[in-house]
Amino acid sequence: MKVQVRVSKEDADLLQARSVAVGIPLTEYAGTLLTRAFYQREAEAGEEVLIPLVRRAVRAECNRFLDRIMEMMVRNYMEAGTARRLIEAAMVFPAPQSKAFIKELESINWDAAYDDLREDIRGIGDWRALIPPEGEGEQDGHGR
């Protein structure tokens, strides 16, 4: 099929010189370039559609991962704080103590650890605010 296009004199001269250099007719050389450009653009268009979807999926998975990490860190803080307080209590109260007394003491110390946790993270605020919103910081081409 024959398609006619207009190009500048400089581009026409360059196309002519290149077609002579590779030893094929100008129409075949220009047609090959046009076809390659078209398919390259189509491939890029597919990436333009796919990349935001992949980025969203990765961001969602990272958010789930961060949630799990934060839950583990809070749980670790609570367990460590409670254990530390129970050890301190064990050094004060005579042994042995009843299981009910120990459970009550554990509950009291768990609540105290929770109160300390709330105070310790007050300066951090919403840790998610530290993560840039979707689309922000993606101008560098790395999606970060």
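Located above this text is the structure these notes cover.
Residues numbered from 1 in each chain as written. Predicted model: local features only at pLDDT ≥ 70, side-chain atom pairs only at ≥ 80, totals over all residues. Heavy atoms only, no water.

Caption draft 1: Layout of the pattern of salt bridges. Evaluation of the coordinates by the stated rule reveals seven salt bridges. One salt bridge connects Asp13 with Lys9, and the closest N-O pair in it is separated by 3.0 Å. Of this pair, Asp13 and Lys9 both sit in helix H1 (residues 9-22), four residues apart, which is roughly one turn of that helix. Ionic pairing is found between Glu79 and Arg75, a salt bridge with its closest N-O pair at 2.8 Å. Of this pair, Glu79 and Arg75 are both found in helix H2 (residues 26-92), four residues apart, which corresponds to roughly one turn of the helix. Here Glu79 falls in the partly exposed class, since its relative accessible area comes to 37%. (Salt bridge = Lys/Arg side-chain N within 4 Å of Asp/Glu carboxyl O. Helix = DSSP H or I, 4+ residues; strand = E, 2+ residues; numbered from the N terminus. Buried < 20%, exposed > 50% of the residue type's maximum accessible area, 1.4 Å probe, protein only.)

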